[in-house]
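Listed below are the residues making up each chain.
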Amino acid sequence: NWSFYGECDTERFKVDNGLKLNGYGATMSDSRPLTVNGRFVDYEVCADIEDIKSNTSAGLSLYYNEEVSVGIYAREQKVYISCLGQEELFGEYTGNKVYFKITKINQTAKLFYSENGTDYYQYDKDFDVGEFHHNNYKGFLSLRPSLVCFGEGSAVFKNFSYRSKDEE
């Protein structure tokens, strides 16, 4: 169910007490994320990310292609939101671990982060992802939950979950 967007580089990851993912590119747009093939219309995707190296950004996204994505990521103890290539500072965290969550319900994405995995901060803007499809952006792709890591180093992803919210 997993694949890299773009060229598959098996040297970019290692599974050992989590998924260590090496960075690629300089932004979320060109990060060649590790994507999961979606099977739910409405869903929640979560991951804990730790050991984010210096000069590295790591997080979660809903990724269509290099031009079209929305996501949340951490870099240097700060949390950023990215949508359609534009990034904005969202918050800060302490420690070596940050927890991310994205919900997509009724074509609306909501982005969250937590320092402890229990108390989440929700970004104050929701994102309409209903237009992120082939008729607008070509390519016969789909909006996929993704792990992103870009920059010079690596990060470790743990406790990834992807679950349906269709019944809720």
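Our subject is the structure that appears above.
Remember, predicted model here, so these are calculated numbers, not experimental data.

Definitions and cut-offs
- Per chain, the residues get numbers from 1 upward, laid out in the order the sequence is written.
- Totals for whole chains, interfaces and linings use every residue, but because this is a predicted model, local features are given only for residues with pLDDT of at least 70 and side-chain atom pairs only at 80 or more, for both listing and counting.
- With hydrogens and water stripped out, all remaining heavy atoms of the structure feed into the side-chain values.
- The pairing test for Phe, Tyr and Trp rings, Trp by its six-membered ring, is centres within 6.5 Å, and the orientation test on the planes gives stacked under 30 degrees, edge-to-face over 60, and tilted for anything in between.
- A run of H or I in DSSP counts as a helix once it spans at least four residues, and a run of E counts as a strand once it spans at least two, with each numbered from the N terminus.
- Summary of the burial criterion: residues with accessible area below 20% of their type's maximum are buried, those above 50% are exposed, and those between are partly exposed, where the area comes from a 1.4 Å probe applied to protein chains only.
- For a ring to carry a charge above it, either NZ of a lysine or CZ of an arginine must fall within 6 Å of the ring centroid while also lying within 35 degrees of the normal to the ring plane.

A.B. asks: I tried to follow the packing of aromatic side chains on my own but got confused; where do I start?
C.D. replies: Geometry of an aromatic ring pair is reported as the spacing of the ring centres plus the angle between the planes. One pass over the full model with this rule turns up 8 aromatic pairs. Relative to Tyr-162, the ring of Tyr-43 lies with its centre 5.2 Å away and its plane at 65 degrees, an arrangement referred to as edge-to-face. In this pair, Tyr-43 is assigned in strand E5 (residues 43–50) and Tyr-162 in strand E15 (residues 154–164), connecting sequence segments 119 residues apart. Ring centres 5.1 Å apart and planes at 70 degrees place the aromatic pair Tyr-73 and Phe-150 in the edge-to-face group. Placement of Tyr-73 in strand E7 (residues 69–75) and of Phe-150 in strand E14 (residues 144–151) is noted, with a sequence separation of 77 residues between them. This pair shows no difference in class: Tyr-73 is buried, exactly as Phe-150 is. Aromatic ring contacts, followed pair by pair, group Phe-90, Tyr-113, Tyr-121, Tyr-123 and Phe-127 into a single cluster. Note that Arg-75 overlies the ring of Tyr-80, its terminal NZ or CZ placed 4.5 Å from the centroid. Looking at Lys-101, its charged tip hangs above the ring of Phe-112, at a distance of 4.9 Å from the centre.

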